[in-house]
Number of protein chains: 2
Amino acid sequence: MTSTFYENKDSFLVAVDCIIMGFRDNELHILITRRQIEPLKGGLSLMGGFVNAPESIDEAAKRVVGEFTGIEDIFMEQVGAYGEINRDLADRVISVAYYALVDIEQFDTLLAKKYDARWARITMLPDLIFDHKKMVRDTINILQRKAAIKPIGFNLLGEQFTLPTLQSLYESIYQETIDKRNFRKKLLTMDILEKLDEKDKSSSKRGAFYYQFNKEKYDQLIEQGMHFSL
Amino acid sequence: MTSTFYENKDSFLVAVDCIIMGFRDNELHILITRRQIEPLKGGLSLMGGFVNAPESIDEAAKRVVGEFTGIEDIFMEQVGAYGEINRDLADRVISVAYYALVDIEQFDTLLAKKYDARWARITMLPDLIFDHKKMVRDTINILQRKAAIKPIGFNLLGEQFTLPTLQSLYESIYQETIDKRNFRKKLLTMDILEKLDEKDKSSSKRGAFYYQFNKEKYDQLIEQGMHFSL
DNA sequence: CCAAAAGTGTTACACCTACACCCATGA
DNA sequence: TCATGGGTGTAGGTGTAACACTTTTGG
């Protein structure tokens, strides 16, 4: 890239690394892969890639997540920039981390094979290369604070879900158990969920009713000054 | 920079922009300057500079704040990376924003002259170049959430301060008035402030007692599981 | 009929909010 | 003596946390 104004300035490789989160088996999971290039080829790594000149950083992150999961239209937010000099063993690379919350059911398992990707439980996360584990820790912090004040958790679930599932999602985010009655009471009095007639019988004989998130109602309530807190 | 492993990748100019905040006249202020280089020379801008190859991004941000304020040993945190393609009019520049909380009394006014820097009230912030105003807005959001759960406000004050001053600091951060009695009650029952014998008589005839933040006690209480919230 | 998960209310306590008057002092 | 900002207490309401039993149904 030629510079008209800013001459004699150093330039840097810039990458994006994506903390792609899904919810399965009552636990948060993160999509990790075996790195396909040197150095540390074969090491466990987040999904990442270099930023190309014709795209913004946000676009690069979206592209990377799309490539690796086959999912478009994803909830993503930036975690931050990681700029230690030797964070990448090969070269000076500045990386911008993003977290993405996806519905794990939409995940393309063929792509998983292709990229040697797998979902790892956050409670049993193996060591990752470079500073990727720090990126994950930072993400979990952000998620815990953010999930408490915005209903972002629903991005991890399908259209419909049961209250026990929703509760175990929040338990997994906060890494602590929640009282069933208090949880249901709070959620239901918020009046942002709609109960359906169907039941999910996959995890109990009695079955649990499906609910769905009513975004219109939520937006309306926020408009009126309601404070969401979980 | 020559690349051993990562060939044919685009590289980028990377800058840091610093939202340097101080507290004066019962209001938060941000240090802004008139830009010294083209393009938009003379435009109002945050303090910034390019990252140099031999330094981490954090180090670059510290360097920039030191250069412009003369203050070392500063509370700084990253706001995030700004990577839109055309955010800088001249070239593709990726910028990482940091906010810094400084004691305005330590600010070197000679440097202010040198760099044509001045403190602008956040409630009357003029237009800034590029996406700098968005950086400021993002910072204020972070500050409001962070100040509520960590005692970072003290970084904006000197060693000792009065309760009316502390209250007006928080009022300025949250942009809303706080009840005097409730504020004092909460602060004092937290037991992290130490009352001094001296009074500040600069803003009233009666004078207000000075207090100071007891960090040891605070750390101890956090250790015991206390939750700071303001 | 039994195991296993879904569903349901009440009470005590802590915290937050609202609110009005006296105090100390320099000019 | 008076104007100005500093300092103090209480009561009501809101939200939070703790707690145990009944219901449903497939196997």
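Here, the structure is the one placed above.
I will try to describe carefully the structure that is included in this document.

Calculation criteria
Sequence positions are assigned chain by chain, starting from 1 and proceeding in written order. All chains are assigned letters beginning with A, and all ligands numbers beginning with 1, in the order in which they are written. Residue-level local features of this predicted model are given only where pLDDT is at least 70; pairs of side-chain atoms are given and counted only at 80 or more, and the full residue set underlies all totals for whole chains, interfaces and linings. For the side-chain quantities, the full set of heavy atoms in the structure was used; hydrogens and water were omitted. Helix and strand definitions follow DSSP, with helices as H or I runs of at least four residues and strands as E runs of at least two, each counted in order from the N terminus. Throughout this description, buried means an accessible area under 20% of the type-specific maximum (1.4 Å probe, protein chains only), exposed means over 50%, and partly exposed covers the range between. Only the protein chains shown count as cover for residues, and the accessible areas themselves come from Shrake-Rupley with a 1.4 Å probe. Here the positive residues are Lys and Arg and the negative ones are Asp and Glu; neither His nor the chain ends is included. Throughout, a charge is located at the NZ atom of Lys, the CZ atom of Arg, the CG atom of Asp or the CD atom of Glu. Residue contacts follow a heavy-atom distance rule, with two residues in contact if any of their heavy atoms lie within 4.5 Å. Two N or O atoms count as a polar contact when they lie within 3.5 Å, although within protein this holds only if one can serve as hydrogen donor and the other as acceptor, and sequence-adjacent residues are included solely when both atoms are side-chain atoms. The classification used treats Ala, Val, Leu, Ile, Met, Phe, Trp, Tyr, Cys and Pro as nonpolar, Asp, Glu, Lys and Arg as charged, and all other residues, Gly among them, as polar. Strand pairing is assigned whenever DSSP identifies at least 2 bridges connecting the two strands.

Our focus in this paragraph is the overall build of chain A. Scanning chain A for helices and strands turns up six helices and ten strands. Seen along its three principal axes, the alpha-carbon backbone of chain A occupies a region of about 65 × 40 × 30 Å. Here chain A, with 230 residues, has 50% of them falling under the buried criterion. By element, 46% of the accessible surface of chain A is carried by carbon and sulfur atoms, the whole surface being about 11,800 Å². Side-chain charges of chain A comprise 31 positive and 35 negative groups, with the mean position of each set lying 7 Å from the other.

We now examine the interface of chain A and chain B. Residue-level contacts link 43 residues of chain A with 43 residues of chain B. Counting across the chain A and chain B interface gives 16 residue pairs in polar contact (both at pLDDT 80 or more). Sorting the residues of the side of chain A that touches chain B by element identifies strand E1 (11–24), helix H1 (57–69), strand E5 (75–82), strand E6 (93–101) and helix H3 (132–149) of chain A as the ones contributing at least two each. Class assignment for the residues of the side of chain A that touches chain B results in 22 nonpolar, nine polar and twelve charged. As paired elements, E1(A) and strand E1 (residues 11–24) of chain B share three bridges and run antiparallel to each other. Note that in E1(B) the partner of Ser11(A) across the bridge is Leu13(B).

Right, let's get into the side chain of His132(B). Residue and element names in this part refer to chain B. Take His-132: it is sitting in helix H3 (residues 132–147). By relative accessible area, His-132 is classed as buried at 2%. Within polar-contact distance, the side chain of His-132 engages the backbone nitrogen of Leu-46 at 3.0 Å. Here His-132 is in contact with Asp-17, Ser-45, Leu-46 and Arg-87, once residues within four sequence places are set aside.

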